[in-house]
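The residues making up each chain are set out below.
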Amino acid sequence: MKAISLFSGGLDSQLAVMLIKNQGIEVMGINFVTPFFGADPAVLQAARNLGIELITMDISDEYIPGVLRSPVYGYGKNLNPCIDCHGFMLHKAGDYMGQADASFLITGEVVGQRPMSQNKSALNAVDKISGYRGFIVRPLSGKILPPTEPELRGWINREALLDINGRGRHVQMELAEKFGIKDYPSPAGGCLLTEQNFARRLKRVLERDKETRAEEMEILKLGRHFIVGDDRLLVVGRNQSENRKIQTNAWPEDLLMKVADRPGPLGLLRYGNYSEDLIAYAAAVVARYSDAKNLNLARVKVFKPGDEENHTIIEVPPLKPEQTPPAV
């Protein structure tokens, strides 16, 4: 007998795995990847610590148009479609059961832990979306939920499930000590869609482009963002690490700029049709965050991605703090 676990690497998902493994059931973890969550090296390490196989599955191409853009059950506080998201992931995991020779699914969801997306009504909606109602076991709250097919068919013992309800974590922490689980992240965070700044940036991208690509999301994680000119995006790095990542994520049609003879950030201008005035203004914003910010004129290098040698130099007065446009 084998079960597939939605595996985030968090404490609840690790405990759910242990509760089912302790019933003699083989467990395989599945970690879904989008630009907003997944692919954390800590997840692989957590799976190794538990002694389970882990597979990762990139669902970006389906997730963005099918879940993110039009969730049936709407968004949470920011741009997080949690109910639709959980249902979609369970649907994908359920479809994988045949290939993995598994019989049911498990998750680390806890009744009442998240008032909007993990109440009993929301969990019922998740089951409906998944298409695998009855074959989803939530070991941490199983005793206060209706019996599932694995329980009714005698595959697992309902009495060995738990009855955790609410946002308290003391029961989970006691279990972690009992099972020898020492490394786990805090329960908050993990999904960029729940973060206000990222969600605000993403909303602009979704409104701008009906065919948004997954790779377009990467730049949203980096730097300071400004809207300049006629709805053009300017991204300004905050440190050397971000400068390198901005350069890596630049598209051929983007424009890069940095102060030529003083330390400072890399700027990226996106969405084409760059007039001379727009380039000069963007360069002045970039210079404002460099060591040239107090000069009358800063010499800014402007170039295309991958072609820094063929640059041009423009001289611009760095913007004063009060002149700088608000960050997005």
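This report concerns the structure included in the present document. (Residues numbered from 1 in each chain as written. Predicted model: local features only at pLDDT ≥ 70, side-chain atom pairs only at ≥ 80, totals over all residues. Heavy atoms only, no water.)

## Digging into the overall build of the protein
Helix and strand counts for the protein stand at 10 helices and 11 strands. Here the C-alpha coordinates of the protein stretch approximately 75 × 40 × 35 Å along the principal axes. Burial status across the protein gives 51% buried among its 328 residues. Long-range contacts, defined as pairs at least 24 residues apart, comprise 63% of the intrachain contacts of the protein with a sequence gap of at least 6. About 16,100 Å² of surface is accessible on the protein, with carbon and sulfur atoms providing 48% of the total. (Helix = DSSP H or I, 4+ residues; strand = E, 2+ residues; numbered from the N terminus. Buried < 20%, exposed > 50% of the residue type's maximum accessible area, 1.4 Å probe, protein only. Contact = heavy atoms within 4.5 Å. Areas by Shrake-Rupley, 256 points an atom, 1.4 Å probe, with all protein chains shown as cover.)

## Let's talk about the sheet that holds strand E8 (residues 255-259)
Taking strand neighbours across the sheet as the criterion, the 6 strands line up as E6-E7-E9-E8-E10-E11 in an open arrangement whose pairing is antiparallel. For this open sheet the edge positions go to strand E6 (224-228) and strand E11 (312-316), each flanked by a neighbour on one side alone. On average, adjacent strands in this sheet sit at an angle of 25° to one another, irrespective of strand direction. By the bridge criterion, 4 bridges tie E8 to strand E10 (residues 298-303) in an arrangement that is antiparallel. Following the sheet pairing, methionine 257 is matched in E10 by valine 302. Packed onto the sheet, helix H10 (residues 276-288) meets E6, strand E7 (232-236), E8, strand E9 (267-270), E10 and E11 and runs at close to 45° relative to E8. (Pairing = 2+ DSSP bridges. Axes fitted to C-alpha atoms, helices over the stretch in contact; angles between N-to-C directions.)

## Quick word on helix H2 (residues 41-50)
Where H2 is concerned, the buried positions are Val43, Ala46, Ala47 and Leu50. Across the axial projection of H2, the buried residues extend over an arc of 100°, all falling on one side. Exposed and oriented more than 90 degrees from the buried face of H2 are Pro41 and Arg48. Where H2 is buried, its residues contact helix H1 (11-21), strand E2 (26-33) and strand E3 (53-58). Near the N-terminus of H2, the side chain that reaches the backbone nitrogen of alanine 42, with its oxygen 2.9 Å away, is that of aspartate 40. (Arc of directions from axis to C-beta. Polar contact = N/O pair within 3.5 Å; in protein donor to acceptor, adjacent residues only side chain to side chain.)

## A few points about the sheet that holds strand E5 (residues 136-137)
The 5 strands are arranged E3-E2-E1-E4-E5 in an open sheet whose pairing can be described as parallel. Where the open sheet ends on each side, the last strands, each with one partner, are E3 and E5. In this sheet, E5 lies alongside strand E4 (residues 104-106) in parallel orientation, the contact comprising 2 bridges. By the bridge assignment for E5, leucine 105 is matched with isoleucine 136. Against the sheet, helix H4 (residues 82-100) makes contact with strand E1 (2-6), E2, E3, E4 and E5, and its axis sits at roughly 150° relative to E1, the strand it touches most.

## Thoughts on the packing of aromatic side chains
By the definition in use, this model includes 7 aromatic pairs. Ring centres of phenylalanine 226 and tyrosine 289 lie 6.1 Å apart, and the angle between their planes is 35°; this geometry places the pair in the tilted category. Placement of phenylalanine 226 in strand E6 and of tyrosine 289 in the loop between H10 and E10 is noted, with a sequence separation of 63 residues between them. Take phenylalanine 226: its relative accessible area is 1%, and that puts it in the buried class. Across from the ring centre of tyrosine 271, 3.7 Å away, lies the NZ or CZ of arginine 208, which sits over that ring. Its end group placed over the ring of tyrosine 289, arginine 288 keeps NZ or CZ at 4.4 Å from the ring centre. (Phe/Tyr/Trp six-rings, centres within 6.5 Å; stacked < 30°, edge-to-face > 60°. Lys NZ or Arg CZ within 6 Å of the ring centre and 35° of its normal.)

## Re the nonpolar core
Ile4, Phe32, Phe36, Tyr63, Leu68 and Leu202 are the most contacted members of the largest nonpolar core, which totals 52 residues. Going through the elements one at a time, E1, E2, E3, helix H3 (60-68), H4, helix H5 (120-130), helix H8 (196-208) and E7 are the ones with two or more residues in this core. It is H4 that contributes the most residues to this core, 9 residues altogether. (Core = buried A, V, L, I, M, F, W, Y, C linked by side-chain atoms within 4.5 Å.)

## What to know about the side chain of arginine 138
Turning to its location among the elements, arginine 138 is positioned in the loop between E5 and helix H6 (149-152). The exposure class of arginine 138 is buried, given its relative accessible area of 5%. A distance of 2.9 Å separates polar atoms of two side chains, one belonging to arginine 138 and the other to aspartate 127. Ignoring sequence-local partners within four residues, the contact set of arginine 138 consists of Leu90, Thr107, Glu109, Leu123, Val126, Asp127 and Leu145.

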